[in-house]
Amino acid sequence: VKAIAPTVQKADAALILDGHAGIVARGGADGAHLTGLAAFEDNVGSLKPDRIAGIGGLETRHDPMVAAETGADYVMFGDNARPSLEALIDRVSWWAQVFEIPCVAYATALDEIAKLADAGADFIAVGDAVFADPRGVAVAAADAGSRLSVTETAS
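Presented here is a report on the structure given in the accompanying data block. From a predicted model like this one, the values you see are computed outputs, not experimental measurements.

1. Concerning the packing of aromatic side chains
Applying the stated criterion to the full structure yields four aromatic pairs. On the basis of an interplanar angle of 70° and a centroid distance of 5.9 Å, the ring pair of Phe77 and Trp95 is categorised as edge-to-face. Placement of Phe77 in strand β4 (residues 74–77) and of Trp95 in helix α5 (residues 85–98) is noted, with a sequence separation of 18 residues between them. For Phe77, a relative accessible area of 3% puts it in the buried group. Judged by relative accessible area, Trp95 falls into the buried class, the value being 0%. Ring centres of Trp95 and Phe99 lie 3.9 Å apart, and the angle between their planes is 20°; on these two criteria the pair is classed as stacked. These aromatic residues form a ring-pair network of at least three members: Phe77, Trp94, Trp95 and Phe99. Residue placement shows Arg61 over the ring face of Trp94; its charged tip is 4.5 Å from the ring centre.

Written out as structure tokens, the structure reads:
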């Protein structure tokens, strides 16, 4: 973490560790992504107020509300026990209409990106949709970006 943090941060990006809240400050990372409400509640105190505390692995509509009240900087939907795309769009839309805290939606395919952005996601996590694309990461990332740009232009 200490070796890559400066490179990531010089590019004006935040280095968020998946779990590992205990090494965030020591390693110079910007925060942690925690999976599940229990992990979030156990670690948010060690991250806040100086570091980002995000949460995914949300099973119910109640979980992100509790996390928001407890200090979550963002919530992520669709990263754990992925529901149908329609259910994910419904959850993202509900969150965007009711809450101020940013919402990240997890796209499992490139054709989901624009739909999730249109539903109100503040950020789209792409994972294997980009990193396992047989065309290569650069081509898939460019494709993902062009899909989002079309949505933004049309809005």
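2. Quick look at helix α3 (residues 37–47)
Considered for burial, the residues of α3 that qualify are Leu37, Phe40, Val44 and Leu47. End-on, the buried residues of α3 take up no more than an arc of 80°, which puts them together on one face. Pointing more than 90 degrees away from the buried face of α3 are the exposed residues Ala38, Asp42, Gly45 and Ser46. For α3, the secondary structure elements touched by its buried residues are α2 (24–27), β2 (31–35), β3 (52–56) and α4 (62–70).

3. Topic: the layout of surface pockets
Estimated volume of the largest pocket: approximately 450 Å³. Listing elements by their share of the lining of the largest pocket, those giving two or more residues are β1 (16–18), β4 and β6 (123–125). Broken down by class, the residue content of the lining of the largest pocket amounts to 10 nonpolar, one polar and two charged. In this model, the second largest pocket occupies a volume close to 160 Å³. Considering the residues around the second largest pocket, the lining is formed by Gly57, Leu58, Glu59, Phe77, Gly78, Asp79, Asn80, Ala81, Pro83, Ala87, Leu88 and Arg91. Sort the elements by how many residues they give to the lining of the second largest pocket and α5 lands first, with three residues. Among the residues making up the lining of the second largest pocket, the classes are represented as six nonpolar, three polar and three charged.

How each quantity is defined
- Residues numbered from 1 in each chain as written.
- Predicted model: local features only at pLDDT ≥ 70, side-chain atom pairs only at ≥ 80, totals over all residues.
- Heavy atoms only, no water.
- Phe/Tyr/Trp six-rings, centres within 6.5 Å; stacked < 30°, edge-to-face > 60°.
- Helix = DSSP H or I, 4+ residues; strand = E, 2+ residues; numbered from the N terminus.
- Buried < 20%, exposed > 50% of the residue type's maximum accessible area, 1.4 Å probe, protein only.
- Lys NZ or Arg CZ within 6 Å of the ring centre and 35° of its normal.
- Arc of directions from axis to C-beta.
- Contact = heavy atoms within 4.5 Å.
- 1 Å grid on protein atoms, 1.4 Å probe; cavity = no way out; pocket = protein on both sides within 12 Å on 5 of 7 lines; lining within 4 Å.
- Points joined across faces, edges and corners; volume = space filled by probe spheres on them.
- Nonpolar A, V, L, I, M, F, W, Y, C, P; charged D, E, K, R; others polar.

The quantities given are spatial measurements derived from coordinates; they are silent on function.
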